[in-house]
Amino acid sequence: RAKAFGKAQLALYNDSLQEEVHQRLNLENALSEALARKQFELYYQPIVQVSAGRSHVVGVEALLRWWQGERLVPPDEFIPALEETGEIVEVGDWVLQQACTQVQQWQQDGLAGLRCSVNLSSRQLQEDGFAQRVATILKETGLPAASLVLEITESLLMRDVPDTLATLRELESMGVRIALDDFGTGFSSLGYLHRYPLHIIKVDKSFITKAPDDDRLKAISRAIIGLGRGLEMDVIAEGIETPEQMDFLHTEGCNFVQGYWFSRPQSASMIHPILVKLSAVAYDASPAEEVLL
Ligand code: C2E
Ligand code: MG
Ligand code: MG
Ligand code: MG
């Protein structure tokens, strides 16, 4: 391949490659200190149940953030690096502990039954004794197993690691629920829905963003919602930003939603009053405006 390059181009190619490697090493170095330096923080986004013109919060999704100096780094920029080095196992453990502790606290403070959704990487699920580790965290934090939802993606199931099924079954038997995240973006083998103990489908925001203007996306969203209902799974639509999207999903019978329309992900202290307001608010009343004054 290099033969195709002229000498000058080859030098350039090497430079940019070196630059990339360099940046990656810097990122990995900075990340390896991040946990000890308490640079990670969890943001939370409400998950809302909509029924007959009323809506109320049923849970929160914990979303990891990294404070690198003054800069708040979004997860897509650093989680791949954590997965590469394997540090996601330790960081993911921290996320679980932190989120369970926080939601248990909110439950005590009056948000009874609030659910806690946590995203998992495949590396975490592959760890020996992962389900037992979850059991220990639940015991230590006092969060009921029925309040915990673990979000996994199709790509994780695609790897078909032999113990995945056993681990998910063990989690299920403890009362923990499993959500299939970003549904529709991966290979979407429907076999997964049959083979694995899954309780919740999250319709990827890429379908929701353009529905209800696009008939084809509408048809896809509708089909996923119908599939979930037929399998007696809860369906959560991600990425709701407008009242039109709310109306569409409501009409289609999708009863759980998550998106900027209700609230952007926020720090624990910022989200708490929003959760309290969303614990009983009419959905026609444009909660985003009302809540985010
Ligand atoms: P995800 O699990 O699918 O999380 C939903 C993402 O959609 C979040 O991005 C959220 O901020 C964003 N979102 C929510 N509502 C809206 C909306 O109305 N419009 C738009 N445009 N976006 C919306 P975020 O926080 O940047 O997280 C990105 C991804 O990083 C997550 O996608 C998840 O896969 C991963 N992630 C986040 N936290 C963790 C973690 O603790 N562990 C692992 N393994 N992955 C995580
Ligand atoms: Mg998620
Ligand atoms: Mg998602
Ligand atoms: Mg995702």
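Residues numbered from 1 in each chain as written. Chains lettered and ligands numbered in written order. Predicted model: local features only at pLDDT ≥ 70, side-chain atom pairs only at ≥ 80, totals over all residues. Heavy atoms only, no water.

Observations regarding the overall build of the protein
Argument step 1. Within the protein one finds 13 helices and eleven strands.
Argument step 2. Computed over the C-alpha atoms, the radius of gyration of the protein is 21 Å, within 12% of the 19 Å expected from 2.2 N^0.38 for a compact globule of 293 residues.
Argument step 3. Residues classed as buried in the protein amount to 46% of the 293 residues present.
Argument step 4. Restricting to contacts in the protein with at least 6 residues of sequence separation, those with at least 24 account for 67%.
Argument step 5. Put simply, the protein shows about 15,000 Å² of open surface, and 50% of that area lies on carbon and sulfur atoms.
Argument step 6. Averaged over its 26 positive side-chain charges, the protein has a centre that lies 2 Å from the centre of its 41 negative ones. (Helix = DSSP H or I, 4+ residues; strand = E, 2+ residues; numbered from the N terminus. Rg over C-alpha atoms; globule rule 2.2 N^0.38 Å. Buried < 20%, exposed > 50% of the residue type's maximum accessible area, 1.4 Å probe, protein only. Contact = heavy atoms within 4.5 Å. Areas by Shrake-Rupley, 256 points an atom, 1.4 Å probe, with all protein chains shown as cover. Lys, Arg positive; Asp, Glu negative; His and termini not counted. Charge placed at Lys NZ, Arg CZ, Asp CG, Glu CD.)

Side note on the coordination of the magnesium ion (ligand 2)
Six octahedral donors around a metal ideally sit at 90 or 180 degrees from one another, while four tetrahedral donors ideally sit at 109.5 degrees.
Argument step 1. Distances from the magnesium ion (ligand 2) to its protein donors, Glu61 (OE), Asn119 (OD1), Glu151 (OE) and Asp181 (OD), fall within 2.0 to 2.2 Å.
Argument step 2. Along the chain, the residues donating to the magnesium ion (ligand 2) fall in the pattern E-x57-N-x31-E-x29-D.
Argument step 3. Between the magnesium ion (ligand 2) and the magnesium ion (ligand 3) the interatomic distance amounts to 4.3 Å, and Asp181 serves as a bridging ligand to the pair. Taken together, the residues Asn119 in strand S4 (residues 115–119) and Asp181 in strand S6 (residues 177–183) connect sequence positions 62 residues apart.
Argument step 4. Owing to a relative accessible area of 30%, Asn119 belongs among the partly exposed residues under this scheme. (Donors = N, O, S within 2.8 Å, 3.2 Å for Na, K, Ca; no water.)

Some thoughts on the pattern of salt bridges
Argument step 1. Under the counting rule described, the total for this entry stands at nine salt bridges.
Argument step 2. We note a salt bridge from Arg24 to Glu28, for which the minimum N-O separation is 3.2 Å. Here Arg24 and its partner Glu28 are both found in helix H1 (residues 7–34), four residues apart, which amounts to about one turn of the helix.
Argument step 3. The partly exposed category is assigned to Arg24, whose relative accessible area is 34%.
Argument step 4. Put simply, Arg71 and Glu77 hold a salt bridge, and the shortest N to O gap is 2.9 Å.
Argument step 5. A network of salt bridges, in which partner residues are shared, links Glu61, Glu151, Lys202 and Glu238. (Salt bridge = Lys/Arg side-chain N within 4 Å of Asp/Glu carboxyl O.)

A short note on helix H2 (residues 75–85)
An α-helix turns once every 3.6 residues. As a result, residues three or four positions apart point the same way.
Argument step 1. Along H2, the residues classified as buried are Pro75, Phe78, Ala81 and Leu82. One side of H2 holds all its buried residues, which, seen down the axis, span an arc of 145°. Structural note: H2 exposes Asp76 and Glu84 on the side pointing more than 90 degrees away from its buried face.
Argument step 2. Once H2 ends, the next one or two residues include Gly86, with phi positive near 90°. (Arc of directions from axis to C-beta.)

Considering the confidence of the model for the protein
Argument step 1. On average, residues of the protein carry a pLDDT of 89, and 91% of them reach 70 or more.
Argument step 2. Interface confidence for the predicted complex, given as ipTM, is 0.98, next to a pTM of 0.91. (pLDDT = per-residue confidence, 0-100.)

As for the site of ligand 1
Argument step 1. Residues in contact with ligand 1 amount to 23 residues; listed here are only the nearest, Arg65, Asn119, Asp181, Glu241 and Tyr260.
Argument step 2. Note that an oxygen atom of ligand 1 is positioned 2.9 Å from one of the side-chain N or O atoms of Asn119.
Argument step 3. Taking Lys205, its side chain carries an N or O atom lying 3.0 Å from an oxygen atom of ligand 1.
Argument step 4. Among the detected pockets, ligand 1 sits in the largest pocket.
Argument step 5. Broken down by element, the shell around ligand 1 gets its largest block of residues, four residues, from strand S2 (residues 54–68). (Near = heavy atom within 4 Å. Polar contact = N/O pair within 3.5 Å; in protein donor to acceptor, adjacent residues only side chain to side chain. 1 Å grid on protein atoms, 1.4 Å probe; cavity = no way out; pocket = protein on both sides within 12 Å on 5 of 7 lines; lining within 4 Å. Sits in = over half its atoms within 2 Å of the grid points.)

Description of empty space enclosed by the protein
Once rolled over the atoms, a probe with the size of a water molecule shows which space is left empty.
Argument step 1. Summed over all chains, the structure comprises one cavity of 30 Å³ or more.
Argument step 2. Every residue along the wall of the largest cavity is listed here: Ile47, Val58, Gly59, Arg115, Ser117, Val149, Arg177, Ile200, Asp234, Ile236 and Phe256.
Argument step 3. Of all the secondary structure elements, the ones that give two or more residues to the lining of the largest cavity are S2, S4 and strand S8 (234–238).
Argument step 4. In terms of residue class, the lining of the largest cavity is built from six nonpolar, two polar and three charged. (Points joined across faces, edges and corners; volume = space filled by probe spheres on them. Nonpolar A, V, L, I, M, F, W, Y, C, P; charged D, E, K, R; others polar.)

Examining the layout of surface pockets
Argument step 1. In this structure, the largest pocket encloses a volume near 1,200 Å³.
Argument step 2. Classifying every residue of the lining of the largest pocket gives 16 nonpolar, twelve polar and 14 charged.

Quick word on the nonpolar core
Argument step 1. Among the nonpolar cores identified, the biggest contains 76 residues, and Trp106, Leu148 and Leu150 are the most heavily contacted of them.
Argument step 2. Of the residues forming this core, the biggest block, eight residues, is contributed by helix H3 (residues 88–108).
Argument step 3. Ignoring any residue separated from it by four or fewer positions in sequence, one finds Trp106 in contact with Tyr44, Val60, Leu111, Leu114, Ala268, Ile271, His272 and Leu275. (Core = buried A, V, L, I, M, F, W, Y, C linked by side-chain atoms within 4.5 Å.)

Let's talk about the environment of Ala36
Argument step 1. Take Ala36: it is sitting in the loop between H1 and strand S1 (40–51).
Argument step 2. Exposure remark for Ala36: the relative accessible area of 69% places this residue in the exposed category.
Argument step 3. On a C-alpha basis, the gap between Ala36 and Ile240 in space is 36 Å, while along the polypeptide they are 204 residues apart.

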